[in-house]
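In case you want the letters, here they are:
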Amino acid sequence: MIYDSKKFNIRYKAFFDFLKLNNEIRIWIAKPMDNSYQKINKFLVSLKPKFSYKDDQGNEILYFEFKNLKKIDIQMNIIAILSKIKIDLNKKHDLSFDKSLSRYIKSERFLEHTSAIKKLTLEITKNDKNNLEKINTIFNFIAKKFKYCYPVKNRGVKNLNLKKLKGDCGEYSGLFVTMCRILKIPTRNASGFTIFPKQKNINEHGWASVYLKNYGWVDVDPQYASLEKNINIGAKKYFLRRSEYRIAFINGFNISLKPSIPKGFLLDYWNKIGLPLENDSVQTLQPLIFSSKNKIRFKENIEIIK
């Protein structure tokens, strides 16, 4: 199942220019966690967080707070062992689960179980004999029917036009997660970066994970599958597969922010680029979000270091 493991040295930098001396900023950083396919050997942040906390989905988040400075530079250095995944789809797979995973079959914000999506899900899977076939049908449907579009104005599957599907990787995976959850199959979103060592590229990305009892959370990526010449090639690479290296920073949507963002702090930077941020939560976090009292200048960079 796990193969071709490789060590990566990843460096992320964030630069903040306060513009005004009486400014104040709050920053949340997601710390990548160990799982079956990634082992974090080293994680260093150049500045000390005020505190850290775990949310109700097991994510670890570092919180920072600064005021009355001219600028801030934050650097993260991560050494991670990342692996590819391959599962034999000809074998039977157990999709049963215990109560600890029940949240991953529920409707929630951005993954709403609307009547239209329920109807569509039941219609396209009506001839399938088991849950694995249903997952495959949903995967193929989304990979074929979706058209990539960025930025997304109104996030959340309830805002999708089901007859003319458009969106970015978050919307692809969001609809996949929702349709699987309607069928009581534990599924969640993942956010992080895909890595292509030969090209020395690292790209921000979002995908989905399905829970298989004998394997844990396994990747499903209909958006990357849609980029292939045909759906069969896409399925071989991205249906219950991880065919390139990935590092996940956060699991799930609706990530809680502690403490909450004070009233009057700015949220527009993230909302303008299509990431919903509210005073007490953000849709996803990969790897950093911030809010400030007054406008700031921000830029970031992530790279693979030899």
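Residues numbered from 1 in each chain as written. Predicted model: local features only at pLDDT ≥ 70, side-chain atom pairs only at ≥ 80, totals over all residues. Heavy atoms only, no water.

S.K.: How should I be thinking about the packing of aromatic side chains in this particular structure?
M.R.: Centre distance and the angle of the planes are the two values used to describe a pair of aromatic rings. All told, the structure shown has 20 aromatic pairs when counted by the stated rule. An angle of 50° between the planes, with centres 5.3 Å apart, marks the rings of Trp28 and Tyr63 as tilted. Here Trp28, found in strand 2 (residues 24–31), pairs with Tyr63, found in strand 5 (residues 60–67); they are 35 residues apart in sequence, far enough to count as distant. With respect to class, Trp28 is no different from Tyr63; both count as buried. Here Tyr269 and Trp270 contribute two aromatic rings whose centre-to-centre distance is 4.9 Å and whose plane-to-plane angle is 80°, an arrangement assigned as edge-to-face. The residue whose ring lies beneath Arg103 is Tyr104, and the NZ or CZ to ring-centre distance is 5.5 Å. Across the ring face of Trp207, the terminal group of Arg246 is positioned such that the distance to the ring centre comes to 4.8 Å. (Phe/Tyr/Trp six-rings, centres within 6.5 Å; stacked < 30°, edge-to-face > 60°. Helix = DSSP H or I, 4+ residues; strand = E, 2+ residues; numbered from the N terminus. Buried < 20%, exposed > 50% of the residue type's maximum accessible area, 1.4 Å probe, protein only. Lys NZ or Arg CZ within 6 Å of the ring centre and 35° of its normal.)

S.K.: What is the right way to read the nonpolar core from this model?
M.R.: Burial of nonpolar side chains together is a common tendency in soluble globular proteins. Residues Phe16, Ile27, Ile247 and Leu288 are the most contacted members of the largest nonpolar core, which totals 48 residues. No other element matches strand 6 (residues 71–86), which puts six residues into this core. Discounting residues that sit within four places of it in the chain, Ile27 has contacts with Phe16, Leu62, Tyr63, Phe64, Phe66, Ile74, Leu288, Ile289 and Phe290. Core analysis: the second largest hydrophobic core is formed by 41 residues, Ile87, Ile142, Ile231 and Phe239 among them. (Core = buried A, V, L, I, M, F, W, Y, C linked by side-chain atoms within 4.5 Å. Contact = heavy atoms within 4.5 Å.)

S.K.: What should I look at first to understand the side chain of Ser191 in this one?
M.R.: On the secondary structure map, Ser191 appears in strand 9 (residues 187–196). Judged by its relative accessible area of 3%, Ser191 is buried. Engagement of the side chain of Ser191 in a polar contact is seen with the side chain of Thr284, the distance being 2.7 Å. Beyond its immediate stretch of four places on either side in the chain, Ser191 contacts His205, Gly206, Trp207, Ala248, Phe249, Ile250, Thr284 and Gln286. (Polar contact = N/O pair within 3.5 Å; in protein donor to acceptor, adjacent residues only side chain to side chain.)

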